[in-house]
Each structure stands twice: as structure tokens, then as C-alpha cells.
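If you want the building blocks of each chain, they are given just below.
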Amino acid sequence: MKDINIEDQFQAKIDAEIKIEPKDWMPDEYRKTLIRQISQHAHSEIVGMLPEGNWITRAPTLRRKAALLAKIQDEAGHGLYLYSAAETLGVARIDMLNDLHSGKAKYSSIFNYPTLTWADMGTIGWLVDGAAIMNQIPLCRCSYGPYSRAMIRVCKEESFHQRQGYEILLTMMKGTDAQKRMVQDALNRWWWPAISMFGPNDAESPHSKQSMAWKIKRFSNDDLRQKFIDVTAEQAKILGVTIPDPELKWNEERGHYDFGQINWDEFWEVVKGNGPCNRERLEARRQAWEEGAWVREAATVYAEKKARKNQEAA
Ligand code: BYC
């Protein structure tokens, strides 16, 4: 009886828009859901540095290189805020990282596609960061305090990322025919993976119902996907590119764009680890972890030395 009361009180707090903080009581499933989502989100930020990192040495100008470096460093920062937010729920960072390196943990499907040309840098900013903003603005109002607060800064930075990407494409679309073709080719390759990022259709999304009742998620996967398509279709017109979906059409009655079928078989293959770059991405993360061992060891020894000195002084 007592447990039912606690659960009711918890839900009443959520319904009253009172944030849940780390030391508050929470159902085990709420904690588990948040650890799952926040750790996957953190991994996505860190793995998400790799496709763009591929272009730092090949950015076409010093200005473009500086902006790309800043963007990628922002992603590292987002990963760190998110690992910290997950730690407030009682999970250890090392366990989350072990799960990433062993291939057990999920991260966003989108980062398993290759970046073939400079236009991919613009397209990732426009579409991938654009989709990330659409998904993450509502997370600023997530019921769990540390996650919602981390999201506020993340969203401000994602907004700069989206604009730098769109501006790369606007510049290329004023360039040569070859540059214009490069932009269209990048859009052709990134469009479907980008709209898949929002996750399975609502009917196939096992976590959505409970996550929405707990106000972790504020909108369903399909609602966010639709909002994204509606704004992006207009941005494509301004750019002068064609979205590679013959069924994309404004529906006056619905007040939304209709669009074609996503290839869910491809999506699930990528999520399962069989996308074009899954192995390469995980290998790069494992290698970075191994090559960083000396930094972790040095930091630990230094922290111990400092603690000893403080103790002696006391
Ligand atoms: N990729 O019941 P569902 C970024 C999994 S942006 C892989 O709908 P939920 C960045 C899902 O995890 C990207 N897996 O789940 C941008 C679940 O599997 P498990 C990161 C996916 O949690 C630019 C199963 O499918 N953003 O970081 O209610 C540059 C069933 O799905 C995907 C976030 O993580 C996918 N696309 O909704 C650099 C935002 N979609 O866990 C970096 C926070 C679904 O049962 N996360 N799955 O094994 C969310 O908002 C939600 O977790 C999702 C999924 C909307 C992604």
C-alpha cells in the first residue's frame, strides 16, 4: 500500500511540472529509462564527433576549419554533460563506456554513415543537428532536473551547428555546377537516415507511452519527425535542392507535408551494428580509449599526490 502511495505522489509531482532531482525517490523503471536514454544520448555525442572529425584536415579554408573544430569540441562537451547527468542516477561512467566499447550500448543510427565530401559537413549541420534540435528542445522540459538543465546549453550550441551547416550549403549553392551537384548528392545520401533518427513509428516504439506519461519525452517520434520534415522542406526550397522523396507533397487538409515510406529494415540493420561504418566507429572509440590510458593514469596519480599533500598539511 505504501509503495502505491509513493508512486502516486511521484506521478503527481510530474503532473504538476515539479522537477525530479537525484536524491528524490523515483520508480526503478524511471531511473532505468533515464539511464538508458541519457547514456545512449551521451554515446551519440561522442561517436558523433567521428564523421565530422574526418574532415578537419580537409576543410577548405581556415575559417571553415575553425568553425568545424569548435563544433566538434562542442559535441565532446555535450557528451561530458550527459555522462555527468547519467551519473547522478547512480551509474558509473566506466560501466557506460565499457558498454559502448563492447558494442552492447546503442547510439544514434545516423553516425554509422560515411562522410564522403565537404558538402556532407554542411548537410550534417543542416539535417543532423537540425533533427537533434527538434528532438532536444522538448528535452529542456524533461521531468528529470539534471537532464533538462544539460539540454538548455546543448540546444544553444546545436543551433549554431545547424546554422553553420546551412551556411556551408548556401555558399556551395552559389558556386560552380560541380559544387551544386555535391550538395544534391549529399542530401540524397543523408535525407532518409536523418528522418530515421527520430526512431521507429509510434506504433513500433515500445518506450514512448511510458516516457511521455513520465514527461521524459514531450512529443512522440512521429510528431517530431513530421515537424522536422515540415520545416526542412521549406529550407530545401530556399537552398534550391530537391529532397529525394517523390511522395513529399504539401497536404492542405492536414496542414503538413506527406512523405514516403522509411526503409525500416535498413534502420534496424544499422541499429543492430550492421551499418556501413558501425565497425569503424567502434574501433575508433576503442583505440581512443586505449591511447588515452596514460592520461587517465597520470591524472589519477596526480590526484592521489595532491590528496596526500593536503592530508599532510592538515
Ligand atoms: N538510433 O521506443 P523507442 C546527437 C532505439 S543527436 C539507434 O522509440 P525511445 C548529435 C531505442 O534506443 C542523436 N537506436 O525509444 C547531433 C530503443 O532501443 P532500446 C542523439 C534508436 O528511447 C549532431 C528502440 O530503438 N539524440 O547526439 O523512447 C552531432 C525503440 O525505440 C534510434 C538522442 O539520443 C536511433 N535513431 O526513443 C553530434 C536524444 N531510435 O534502448 C551529435 C535523446 C530509436 O530499448 N533520445 N532507437 O534498446 C531520445 O529522444 C529517444 O531515446 C529516441 C528514441 C527518440 C532516440
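These figures come from a predicted structure and were not determined experimentally.

**Q** Whenever I open this one, the overall build of the chain confuses me. Can you help?
**A** Summing up its helical and strand segments, the chain has 13 helices and two strands in all. The C-alpha atoms of the chain give 21 Å as radius of gyration, which agrees with the globular expectation for 314 residues (20 Å, within 12%). Dimensions along the principal axes, computed over C-alpha positions, put the chain at roughly 70 × 50 × 30 Å. Residues counted as buried form 47% of the 314 residues belonging to the chain. Long-range pairs, those at least 24 residues apart, make up 76% of the contacts in the chain with a sequence separation of at least 6. When the accessible surface of the chain is totalled, it reaches about 16,600 Å², and 55% of it is carbon and sulfur. Measuring between centres, the 43 positive side-chain charges of the chain sit 5 Å from its 44 negative side-chain charges.

**Q** Please explain the layout of surface pockets as it appears in this structure.
**A** Taking a probe equal in size to a water molecule and rolling it over the atoms shows the remaining empty space. As a volume, the largest pocket reaches approximately 1,100 Å³. As for the largest pocket, its lining consists of 41 residues, and the residues nearest its centre are Gln40, Ser108, Asn135, Met197 and Phe198. Among the elements of the structure, helix H2 (28-47), helix H4 (62-87), helix H6 (118-136), helix H7 (145-173), helix H10 (221-239) and helix H11 (264-274) are those that each provide at least two residues to the lining of the largest pocket. A per-class count over the lining of the largest pocket returns 18 nonpolar, 13 polar and ten charged.

**Q** Help me out: how do you make sense of the site of the ligand in this one?
**A** Taken together, 32 residues surround the ligand, and among them Gln40, Lys106, Ser205, His207 and Lys217 come closest. Note that an oxygen atom of the ligand is positioned 2.5 Å from one of the side-chain N or O atoms of Lys106. Within the backbone of Pro206, a nitrogen or oxygen atom sits 3.2 Å from an oxygen atom of the ligand. In isolation the ligand exposes 1,100 Å². Once the protein is present, 91% of that is buried. Here the ligand is seated within the largest pocket. At the level of elements, H2, H6 and H11 are the ones that each hand at least two residues to the shell around the ligand. Considering every element that reaches the shell around the ligand, the biggest residue donor is H2, with six residues. Residues of the shell around the ligand, tallied by class, amount to 13 nonpolar, 13 polar and six charged.

**Q** When you look at the packing of aromatic side chains in this model, what are you seeing that I'm missing?
**A** The description of two aromatic rings rests on the distance between their centres and on the angle between their planes. In the structure shown here, the tally under the stated rule is eleven aromatic pairs. Among the aromatic residues, those joined into a cluster by ring pairs are Phe10, Trp25, Tyr30 and Trp214. The positively charged end of Arg58 is found above the aromatic ring belonging to Trp55, 4.1 Å away from the centroid. Above the ring of Phe219, the side-chain terminus of Lys227 is found at 4.6 Å from the ring centroid.

**Q** Hey, could you run me through the packing of H6 against H7 in this one?
**A** Geometrically, a packed helix pair is captured by the angle between its two axes and the distance between the axes. Running from N to C, H6 and H7 point in directions that differ by 145 degrees, and their axes come no closer than 7 Å. The crossing of H6 and H7 is left-handed. Residues belonging to the contact of H6 with H7 are distributed by class as follows: 13 nonpolar, ten polar and two charged.

Cut-offs applied
Residues numbered from 1 in each chain as written. Predicted model: local features only at pLDDT ≥ 70, side-chain atom pairs only at ≥ 80, totals over all residues. Heavy atoms only, no water. Helix = DSSP H or I, 4+ residues; strand = E, 2+ residues; numbered from the N terminus. Rg over C-alpha atoms; globule rule 2.2 N^0.38 Å. Buried < 20%, exposed > 50% of the residue type's maximum accessible area, 1.4 Å probe, protein only. Contact = heavy atoms within 4.5 Å. Areas by Shrake-Rupley, 256 points an atom, 1.4 Å probe, with all protein chains shown as cover. Lys, Arg positive; Asp, Glu negative; His and termini not counted. Charge placed at Lys NZ, Arg CZ, Asp CG, Glu CD. 1 Å grid on protein atoms, 1.4 Å probe; cavity = no way out; pocket = protein on both sides within 12 Å on 5 of 7 lines; lining within 4 Å. Points joined across faces, edges and corners; volume = space filled by probe spheres on them. Nonpolar A, V, L, I, M, F, W, Y, C, P; charged D, E, K, R; others polar. Near = heavy atom within 4 Å. Polar contact = N/O pair within 3.5 Å; in protein donor to acceptor, adjacent residues only side chain to side chain. Sits in = over half its atoms within 2 Å of the grid points. Phe/Tyr/Trp six-rings, centres within 6.5 Å; stacked < 30°, edge-to-face > 60°. Lys NZ or Arg CZ within 6 Å of the ring centre and 35° of its normal. Axes fitted to C-alpha atoms, helices over the stretch in contact; angles between N-to-C directions. Left-handed = near helix turned anticlockwise from the far one by under 90°.

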